[in-house]
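What the coordinates show
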Amino acid sequence: MENNYKSEMCGICNREKPKGIHLYTLFICCDCEQKMIHTEPCEAEYQHYLDKLKNMKQTTLYS
């Protein structure tokens, strides 16, 4: 079976990854998504993820 995924640049780790999610205009790879989910607010990495998420640009919705 052929893999039809195209690689995209993860907005968290800045690496080309084939699978992940899109949060508005930010692509988050599966690895980073899992790391974010399992990071506690008291950990140092938590602030890093918040800073990266601030780079997300919300698209304008027209009615």
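Relevant structure appears above.
Residues numbered from 1 in each chain as written. Predicted model: local features only at pLDDT ≥ 70, side-chain atom pairs only at ≥ 80, totals over all residues. Heavy atoms only, no water.

1. A word on the pattern of salt bridges
Stated formally: Salt bridge, as used here: a side-chain nitrogen of Lys or Arg that lies within 4 Å of a carboxyl oxygen of Asp or Glu. For helices the rule is a DSSP run of H or I covering at least 4 residues; for strands it is a run of E covering at least 2, with both sets numbered from the N terminus onward. Relative accessibility under 20% of the residue-type maximum defines a buried residue, over 50% an exposed one, and the middle range a partly exposed one, all with a 1.4 Å probe and only protein chains included.
Overall, the coordinates contain two salt bridges when judged by the stated rule. With a closest N to O distance of 2.9 Å, D31 and K17 form a salt bridge. Taken together, the positions of D31 in helix α1 (residues 30-37) and K17 in strand β2 (residues 16-17) put the pair 14 residues apart, joining distant regions of the chain. By relative accessible area, which is 45% here, D31 ends up partly exposed. According to the relative accessible area criterion, K17 is buried, its value standing at 16%. Among the ionic pairs, D51 bridges to K54, the shortest N-O distance being 3.9 Å. Its relative accessible area of 62% is what places K54 among the exposed residues.

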